[in-house]
Structure formats: C-alpha cells, structure tokens
Amino acid sequence: MSTVTSEAPTDWKIRYHHKFNPRKVITGAIGVVLVLFVIYLFATGNLQWSKTLAYLFDYRILTGVGYTLIYSVLAMVLGVIGGGLLAVGMLSDNPVWKNLSKAYVALFRALPLLILLLIFYNIAIFIPHLGIGPASIDVNNVVTPFAAAVLGLALHEAAYMAEIVRSGINGVARGQAQAAESMGMTRGQAMRWVIMPQAIRLIVPPTANQFISMLKNTSLVVVIAGNDLLTVTKELYSNNFLTMELLFVAAIWYLVLVLIFSWLSGLLERRYSRGA
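Residues numbered from 1 in each chain as written. Predicted model: local features only at pLDDT ≥ 70, side-chain atom pairs only at ≥ 80, totals over all residues. Heavy atoms only, no water.

Q: Could you clarify how one ought to interpret the side chain of S265 in this entry?
A: Structurally, S265 is set in helix 12 (residues 243-272). For S265, the residues in contact, after removing those within four places along its chain, are P205, A208, N209 and I212. (Helix = DSSP H or I, 4+ residues; strand = E, 2+ residues; numbered from the N terminus. Contact = heavy atoms within 4.5 Å.)

Q: Would you explain the packing of helix 3 (residues 59-90) against helix 12 in this entry?
A: Packed helices, taken two at a time, are described by the angle their axes make and the gap between the axes. In contact at an axis separation of 11 Å, helix 3 and helix 12 are set at 40 degrees when each is read in the N-to-C sense. By the angle class used here, helix 3 and helix 12 are oblique. Note on packing geometry: the crossing formed by helix 3 with helix 12 is right-handed. The segment helix 3 lies against helix 12, with I61, L62, V65, T68 and L69 engaging V249, W253, Y254, L257 and F261. When the residues that make up the contact of helix 3 with helix 12 are grouped by side-chain class, the tally is nine nonpolar, one polar and no charged. (Axes fitted to C-alpha atoms, helices over the stretch in contact; angles between N-to-C directions. Parallel < 35°, antiparallel > 145°, perpendicular 65-115°, else oblique. Left-handed = near helix turned anticlockwise from the far one by under 90°. Nonpolar A, V, L, I, M, F, W, Y, C, P; charged D, E, K, R; others polar.)

Q: Even after reading the chapter, I still don't get the packing of helix 3 against helix 10 (residues 187-217), so can you show me in this structure?
A: Orientation of helix 3 relative to helix 10, taken along the N-to-C sense of each, is 140 degrees, at an axis distance of 9 Å. When the axis of helix 3 is compared with that of helix 10, the two are oblique. Here helix 3 and helix 10 pass one another in a crossing that is right-handed. Contact residues: T68, L69, S72, V73, A75, M76 and V80 in helix 3; T207, Q210, F211, M214 and L215 in helix 10. Tallied by class, residues from the contact of helix 3 with helix 10 come to eight nonpolar, four polar and no charged.

Q: Mind showing me how you'd approach the pattern of salt bridges here?
A: Pairing is possible between side chains of opposite charge, provided their charged atoms come close. Applying the stated criterion to the full structure yields three salt bridges. Residue R60 is joined to D58 by a salt bridge in which the shortest nitrogen-to-oxygen separation is 2.9 Å. By relative accessible area, R60 is classed as partly exposed at 33%. Overall, the relative accessible area of 14% leaves D58 in the buried class. In this structure, E163 and R166 form a salt bridge, with 2.6 Å as the shortest nitrogen-oxygen distance. Of the two residues, E163 and R166 are both situated in helix 8 (residues 145-170); the distance of three residues between them amounts to about one turn of the helix. (Salt bridge = Lys/Arg side-chain N within 4 Å of Asp/Glu carboxyl O. Buried < 20%, exposed > 50% of the residue type's maximum accessible area, 1.4 Å probe, protein only.)

Encoded structure:
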C-alpha cells in the first residue's frame, strides 16, 4: 500500500499585485500641491523669520514655558485628586454626597474656563477678607495671579476627571465588587484593593490626553497675566511690535510640548492596553 504525501514548496511566497488607482494618485498630488502652496505663503509672507529664531530660546520665553508646565502639572495633579473624590461621591450610596458631586460636575463643566479664571482673579471684590476679626487675611495677598490660575484650571479639570474616573470604575465588571464583598471586604476595601487597580487601565489613557488639553488651556491664563508662555509673548510683542514673529515662537513651543506629551501619552496607552 503506497501513501501519497504532498508538501508545499519551501520557496512559496504570497505575491501581491497592486492595481494602479488613478484616484489615489490625483488626490495625493492635490495634497502635495496644497502643502507646497502653504509653505510658499509662509516663505514669501512679510515675516522676519530671523527674529522668530532669535526669540525662540530667549530666557523670557523659556521662563514662560516653565510656568506653562508648572500650571499644567499642578492643575492636573489637583484635578486628578479632586476628580477621584468627586467620582467616589457620585457613586456613593449617600444621597447628599452623590447629589453634591453631580452638581459640582454639572456646574464646572458648564462654566467656560476663561470665566473661571477671571472670577478667581477678581475674587477679592466679592470676598475681600478671609477669617474673623484679627485672624482675617487680605484675599488680594493670597489669591495672586499664579494662585488664581492654578485654582481655575484645577477646579475646571476636576469636573472632567470625575467623569473619567467614574467611567473607569463603571468599566470594571460588577462581579468583581460582589466577589470582594463575599470575601468580607467593606465597600471601601473593595474599591481600594480590587476595583481601582483594574480601573486604572481604563483611566490612565484618557487622563494623559486630558493633560495635553490642559497644556493648551494654560494659554487662557493670558487674561490674568499669569507669566505663562502666551503672557510673556504678548508682553514682548507689545514692546517691540514683532507680533507675528513672537506668536510663531509661542506656536512652535506649544507644538513641541504637545508632540512630546502626545508621544508619552501613546506609550502609556500601549502600556495599559496590553492584554486587553
């Protein structure tokens, strides 16, 4: 009895034949022409690029970049802490904390960030003193432009982080909490040791994206002169009238910062999406 065996040739390869698509060529050519046209406009515009390069690493500009990063980090840290507390409040069985947390989120998501910054900057008009009698302090001495900027950015960010944290917690299967409670854990212990470690995977990627949004939102601090990048840029071009040159300096720095943190955000997303 003979057996017939068939083996695939060892040099067998899949060959792809790409069909010529004139539509892709035409649309691609249009895109290249548009990019070249934009480059031509910038190259021939009435702009002193040498001045832009000269101010790119000016110490005043770098100081503004530093303040922008400080505002972003402080506001984000406070926003994450506040958002976590608000999320726990919204998921609480206590109707008072639940409704208060929901009211806060609704209010601060509805108010534009620009208005919040102006309110905190001018808060001394409404509340001139804090405390009672000799123990009171002048609000103007406490709520500086720096403090007003951090407060406005942090309180605004907390409302958005509350929804992110709440969504992350709700993304964990309900059975996990029930299993933890069946083992004798309290609701707080289940949240800390079982639910939150799993929810982090869902919370971190959108939080990284929120930080990038925060980085750009710091430009609104210009309305209260908070020494951020745009404030310094405005002060400089108000004196030397190099408006467009310095605005491009600010644009370049914002672009660099956003690209760096976008890359880091991508790393975090890949790190926390493993095994999903």
